[in-house]
Amino acid sequence: MPTKYIYDFCEGSAEMRNLLGGKGANLAEMSKIGLPVPPGFIITTEACHKYWEEKDFITSIWEDVKSAVARVEKQAGKKFGASENPLLVSVRSGAPVSMPGMMDTILNLGLNDTTVEALAKSAGDERFAYDSYRRFIQMFSDVVLGVDIEKFETRLEQARNNAGVAADYQIPAEELKKLVADYKEIVKAAGYEFPTDPWKQLRLAIDAVFRSWNTPRAITYRKINKIPEEYGTAVNIVTMVFGNLGDDCGTGVCFSRSPSTGENKLFGEYLINAQGEDVVAGIRTPVPIEALAKDMPDVYDQFCKIAKGLEKHYRDAQDIEFTVERGKLYILQTRNGKRTAAAAVRCAIEMLHEGLIDEKTAVTRVSPEQIEQLLHKQIDPKAKRSVLIKGLPASPGAAVGKVVFDADEAAERGNKGEAIVLVRPETTPDDIHGLFASQGVLTCHGGMTSHAAVVARGLGKPCVSGVEAIKINTETQTFTVNGTTVKKDDYITLDGSNGDVIIGKMQLIDPQLDGNFKELLEAADRQAKMQVWANADTPEDAKRARAFGAKGIGLCRTEHMFMAADRIPVMEAMVVASTTDERKKQLAKLEQMQEKDFTGIFDAMEGLPVTVRLLDPPLHEFLPKIPELEKALSETKSDSAEAKEITKIITRARELHEQNPMLGFRGCRLGMIYPEIYEMQARAIFNAACKLTKQGKHIMPEVMIPLVGTQYEMKAMRDLVDAIAKEIIETSGVTLHYLVGTMIELPRAAMVADQLAKYAEFFSCGTNDLTQTTFGYSRDDAEGKFLGQYVEKGVFKENPFAELDRDGVGGLMEIAAHKGRSVRPDIRIGICGEHGGNPSSIAFCNKLNFTYVSCSPFRVPVARLAAALSALGEIK
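Presented here is an overview of the structure given in this document. This is a predicted model, so every value here is computed, not measured. (Residues numbered from 1 in each chain as written. Predicted model: local features only at pLDDT ≥ 70, side-chain atom pairs only at ≥ 80, totals over all residues. Heavy atoms only, no water.)

The number of helices and strands found in the protein is 35 helices and 33 strands. Counting the 876 residues in the protein, one finds 57% classified as buried. Across the protein, every contact between residues at least 6 apart in sequence was considered, and the portion connecting residues at least 24 apart equals 69%. Across the protein, the centroid of the 107 positively charged side chains sits 2 Å from that of the 121 negatively charged ones. (Helix = DSSP H or I, 4+ residues; strand = E, 2+ residues; numbered from the N terminus. Buried < 20%, exposed > 50% of the residue type's maximum accessible area, 1.4 Å probe, protein only. Contact = heavy atoms within 4.5 Å. Lys, Arg positive; Asp, Glu negative; His and termini not counted. Charge placed at Lys NZ, Arg CZ, Asp CG, Glu CD.)

In structure tokens form, the structure reads like this:
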């Protein structure tokens, strides 16, 4: 049986969206349930595929097109191309998913010098007929023939001036006739003869709609919105109905619920005696939909019933386009209405309460991206933005502030209440105080998982990173990009959700959280299989994570605790120490500080597990950079005690210097060579846990050993932790259950996971480092130098540091899970890299039956929804 490429509206349905496109499927569905839809037919998306595969494909289906037109003629009671009562049609695109404005549309097709007179006669309005004709010539010439639209606009402006009127709809018929003749001359001057045969017009228009699937703007839109290339577009050929034939006509757009707030009331506007493009173009000011009750009460009542009926039928808020011709209502389109994040949440919960949808459906009505929008300040969507440069959207939300280049100054001024944006080549742990006090941070170097990005996400601060085009001049306190110089104290705005850097102060809107938000996430938890934990390094982070619904701490990074101003000197002294006794002396001071930290975090998370990762970064990171030390030494008297101390630090820094520190002396290697460091941390953990347990609190500590690659390392570190835990628990006289596990962040760890599982009670996939070691990429270098181009060239669909590489990194995770469970069936497995907050990566973890994902506190709500959507199969 030959493939069917053409469907009349009466043959289609909403379930045929992929074949008929969204617009066509909905028109067919409305026609099927008896709503007033103009007659028409659909050329399928499969025809679009054939169009690109076979030369002159339209010829092969042309007889079917003509037959379909004949059936429309019969329904409409009009004849295509006739000299009396002619049928005019619109030719519109319609992909399976909405791509507003990206593809082409032609209205009023079928007009020529003969049919325009017939239209004028049947309508009783010559001005209307010639206005429709000039619109058709302009639209057809632009879309189909590619004639410069500005030439038509210039001539249209002359027509307004000649007639002495301000608006297009005021131009009289005689002037419009001249305009039509001049439009044809514009087309001729461009090298074309405007087609007068309606059948030729139709054929060329169908060709143009299929071509529009692969225009640069359509390709770009699909790429941004991750719409598959293979979808294709359908072509909808629909009988024209006119809202501009008089005061008993009109046109409008209406939502069944407010797209801004989600309120359950009609939200829309319309115009009397107008065409749809007049509403969109702003030629006249539309009036609220409620006014239709006064102008056309019967039509209004009918529309209200249809709007609510469509919402009930589709079980979602609808965006409806309509026209009234001579007092008769026509529904031209319905689709699920686009809405703000706040409206999406409210609609989902209220429809659940109304019994319109069930809980599973309610959860699927909100996207993780919308939840993220609700958690951070955003640039007012109504505000016009002029983007200076675009970087990596490293931490979501928007920030406005004065440019400051120094972290100390940012901290001083920010803590006094000034709005500051910290601008740095890159950030280091030493900059944390400035970042904390700033509204946001902008860096020239570093990627989505750089220090600035990770810390900013943890603090809930917007961050734009990796803007390599920015050149900072520290002497003049300026940065330059694209020929524009921005000075210290100039205002800039950052949009960390999409990477925009904007000069000046943009209007921001506050996060919008309410009871509906909480109810939605509770529903999501009931649908999810995995728990969501948080990465938290301070009691404040832990409290925030718990408030956002985290069921535990999956990563507490102890190194961040050493970055406070009062601790850095002690840490430096410990690193510089040349003997074990000197090192232990400084470690004793750090132990008191660590115990206080852990007490605060354990207390905040009482009754929930807290996974503490022992010291991971190389020791040199806790020392000042050598050039800074050398500069300080040059400014100091050579024989002073201060000079001797600086010289000592320089010597130690050179000893610790590594060519590739990411693969060097870090992680459990520190514990193996300097066991006293890990012993100090273990004592602090168990002293804090036991003291709180004595107070009657349920504390659940877990110790995580970083960068383990061998069974020997795992056993040695497990023995070290167990010995200290046993001693402190017995001395305290309490019962305390704890776990010891490791991170899977090396390919070898994944391959020998069965060996590690003999001693590790849990695995946590550290996918930041696992991605680096799997690909052999230095994260910051790769993101700053070539990963962007790799995504553009199609090497990767997404940056593998932002979205998990399922084939390589994911393959190793799968091996680790399988091998670990083969030795310890009840081993708990989770993920604690930045991928833990990425919806696609969460879906992969769900597929591997992980127990939890762990992410920054501000992404916990996003991850809770993504975990539910993964369990429901909405994210695969």
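So much for the structure itself; the text now carries on.
Of all hydrophobic cores here, the largest spans 125 residues; its most connected members are Phe602, Ile705, Met813 and Phe850. With 11 residues, helix 26 (residues 675-694) is the single largest residue contributor to this core. Contacts of Met813, omitting those with residues within four sequence positions, involve Cys765, Thr767, Leu770, Leu804, Ile831, Phe844, Cys845, Leu848 and Phe850. Listed in part, the 69 residues of the second largest apolar core include Ile61, Ala95, Ile171 and Ala208. (Core = buried A, V, L, I, M, F, W, Y, C linked by side-chain atoms within 4.5 Å.)

Right, let's get into the side chain of Arg718. Relative to the assigned elements, Arg718 resides in helix 27 (residues 711-732). Overall, the relative accessible area of 15% leaves Arg718 in the buried class. At a separation of 2.8 Å, a polar atom in the side chain of Arg718 contacts the side chain of Asp722. The contacts of Arg718, once residues within four sequence positions are left out, are Val740, Tyr759 and Glu761. (Polar contact = N/O pair within 3.5 Å; in protein donor to acceptor, adjacent residues only side chain to side chain.)

All told, the structure shown has 1 cavity of 30 Å³ or more when counted by the stated rule. Taken together, Phe255, Arg257, Ser258, Pro259, Ala317, Gly337, Lys338, Arg339 and Cys347 make up the full set of residues lining the largest cavity. Residue classes in the lining of the largest cavity are distributed as 4 nonpolar, 2 polar and 3 charged. (1 Å grid on protein atoms, 1.4 Å probe; cavity = no way out; pocket = protein on both sides within 12 Å on 5 of 7 lines; lining within 4 Å. Points joined across faces, edges and corners; volume = space filled by probe spheres on them. Nonpolar A, V, L, I, M, F, W, Y, C, P; charged D, E, K, R; others polar.)

Between its first and last C-alpha, helix 26 extends 28 Å over 20 residues, near the 28 Å set by a 1.5 Å rise per residue. Along helix 26, 15 of the 20 residues are buried, which leaves the element largely enclosed by surrounding structure. Positioned one or two residues after helix 26, Gly696 has a phi angle of 90 degrees, which is positive. (Expected span 1.5 Å × (residues − 1).)

Moving on: the pattern of salt bridges. Scanning the entire structure with this criterion turns up 54 salt bridges. Between Glu126 and Lys177 there is a salt bridge, with its nearest N and O atoms 2.8 Å apart. Taken together, the residues Glu126 in helix 5 (residues 126-145) and Lys177 in helix 7 (residues 173-189) connect sequence positions 51 residues apart. Using a relative accessible area of 26% as the deciding quantity, one classes Lys177 as partly exposed. Its salt-bridge partner being Lys518, residue Glu522 comes within 3.8 Å of it at the nearest N-O pair. Of this pair, Glu522 and Lys518 are both found in helix 19 (residues 515-527), 4 residues apart, which corresponds to roughly one turn of the helix. Residues joined by salt bridges that share partners form a network here, namely Arg127, Asp131, Arg134, Arg135, Arg160 and Asp168. (Salt bridge = Lys/Arg side-chain N within 4 Å of Asp/Glu carboxyl O.)

The next thing to look at is the sheet that holds strand 24 (residues 500-503). The strand order 14-24-23-16-17-18-19-15 describes an open sheet built from 8 strands, whose pairing is mixed. Both outer strands of the open sheet, strand 14 (387-390) and strand 15 (392-395), are each paired with one neighbouring strand and no more. In this sheet, adjacent strand axes meet at a mean angle of 30 degrees when their direction is disregarded. Here 4 bridges tie strand 17 (residues 420-424) to strand 18 (residues 440-443), and the two strands are oriented parallel to one another. (Pairing = 2+ DSSP bridges. Axes fitted to C-alpha atoms, helices over the stretch in contact; angles between N-to-C directions.)

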